Amino acid sequence: LVAVSGGADSMALLLLLSALAPSLGISIEAAHYEHGIRGEGSQEDAQFVQAFCAGQSIPCHVGHGDVPALACWRRISLEDAARQARYAFLDDTAEAVGAPKIALAHQMEDQAETLLLHLVHGSGITGLSGMRPALGNRIRPLLETPRAELEVYLAGQNIPWREDATNTDTHHARNLLRHEVF
């Protein structure tokens, strides 16, 4: 099961795994979670992923949630609520379709951001190791790949992707690191 947001990283992962699937002896399906955070833009992302997958004959599963309400109810950040809801959807979908692995599109810059966030917030040795390439049923095959390479790959294949407008909001710690520190 490939987690696909519609962004460059996940679109590249979907294409790469789709191309490799026959030689690996695997089949792939896509999963997109619409968080209910960005209104029309978020719904357009879901439609984009569904349409792309339909054009590639890749089964696509879409989930919807009200992450702002979940964050308020659990008294956690919007980012934490989104991650929890997305992972619950991915786990449920993987179980429903019999997928033994969930592929996530975290790449090199995501790993660097995660390490710095752990360092800033305080972390033990395990936190300073960052995201693991494989943990349980989750795999992250792009952790050593720079985002720029993924964008070049997509451009070479003439594959579009979506840009999440909230990724430029520097009120979120990860975005502040991405746009100000890096």
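It should be noted that the structure appears before, not after, this text.
Quick summary incoming for the structure in this document. Source: prediction; values computed, not measured.

A separate point is the overall build of the protein. When its secondary structure is counted, the protein shows 7 helices and 6 strands. The long-range fraction of contacts in the protein, counting pairs at least 24 apart against all pairs at least 6 apart in sequence, stands at 69%. In the structure as shown, the protein presents an accessible area of about 10100 Å², 55% of it carried by carbon and sulfur atoms.

So, on to a nonpolar patch on the surface. Residues Leu 20, Leu 24 and Ile 26 make up a contiguous nonpolar surface patch of roughly 270 Å² in combined accessible area. Relative to the helices and strands, Leu 24 is located in helix H1 (residues 8-24). Leu 24 gets classed as exposed once you look at its relative accessible area, which sits at 52%.

With that settled, consider unusual backbone geometry. Despite not being glycine, Ser 57 shows a phi value in the positive range, around 60 degrees. Position of Ser 57 among the secondary structure elements: in the loop between helix H2 (40-56) and strand E3 (60-64). Given a relative accessible area of 68%, Ser 57 falls into the exposed group. For Arg 75, which is not glycine, the phi dihedral falls at a positive 55 degrees. Within the secondary structure layout, Arg 75 lies in the loop between helix H3 (67-74) and helix H4 (78-97). Judged by relative accessible area, Arg 75 falls into the exposed class, the value being 77%.

This paragraph deals with the packing of H1 against helix H6 (residues 147-156). Following both chains from N to C, one finds H1 and H6 inclined at 60 degrees, their axes separated by 9 Å at the closest point. Between H1 and H6, the angle falls in the class oblique. The two elements H1 and H6 meet at a crossing, and its hand is left-handed. Along its contact with H1, which presents Ala 8, Asp 9, Met 11, Ala 12, Leu 15 and Leu 16, the element H6 presents Arg 147, Leu 150, Glu 151, Tyr 153 and Leu 154. Taken together, the residues of the contact of H1 with H6 sort by class into 8 nonpolar, no polar and 3 charged.

Turning to the nonpolar core, a few remarks are in order. In this structure, Val 2, Val 4, Met 11, Leu 13, Leu 14, Ile 28 and Leu 154 are the most contacted members of the largest nonpolar core, which totals 23 residues. Within the residue set of this core, elements represented by two or more residues are H1, H2 and H6. If one sorts the elements of this core by residue count, H1 sits on top with 8 residues. The contacts of Val 2, once residues within four sequence positions are left out, are Leu 13, Leu 14, Leu 17, Ile 28, Glu 29, Ala 30, Ala 31 and Ala 103. One finds Leu 90, Ala 94, Ala 99 and Ile 102 within the second-largest nonpolar core, a separate group that totals 17 residues.

Each value, and the rule that gives it
- Residues numbered from 1 in each chain as written.
- Predicted model: local features only at pLDDT ≥ 70, side-chain atom pairs only at ≥ 80, totals over all residues.
- Heavy atoms only, no water.
- Helix = DSSP H or I, 4+ residues; strand = E, 2+ residues; numbered from the N terminus.
- Contact = heavy atoms within 4.5 Å.
- Areas by Shrake-Rupley, 256 points an atom, 1.4 Å probe, with all protein chains shown as cover.
- Patch = residues over 30% accessible without salt bridge, like charges linked within 9 Å, V, L, I, M, F, W, Y side chains within 5 Å.
- Salt bridge = Lys/Arg side-chain N within 4 Å of Asp/Glu carboxyl O.
- Buried < 20%, exposed > 50% of the residue type's maximum accessible area, 1.4 Å probe, protein only.
- Axes fitted to C-alpha atoms, helices over the stretch in contact; angles between N-to-C directions.
- Parallel < 35°, antiparallel > 145°, perpendicular 65-115°, else oblique.
- Left-handed = near helix turned anticlockwise from the far one by under 90°.
- Nonpolar A, V, L, I, M, F, W, Y, C, P; charged D, E, K, R; others polar.
- Core = buried A, V, L, I, M, F, W, Y, C linked by side-chain atoms within 4.5 Å.

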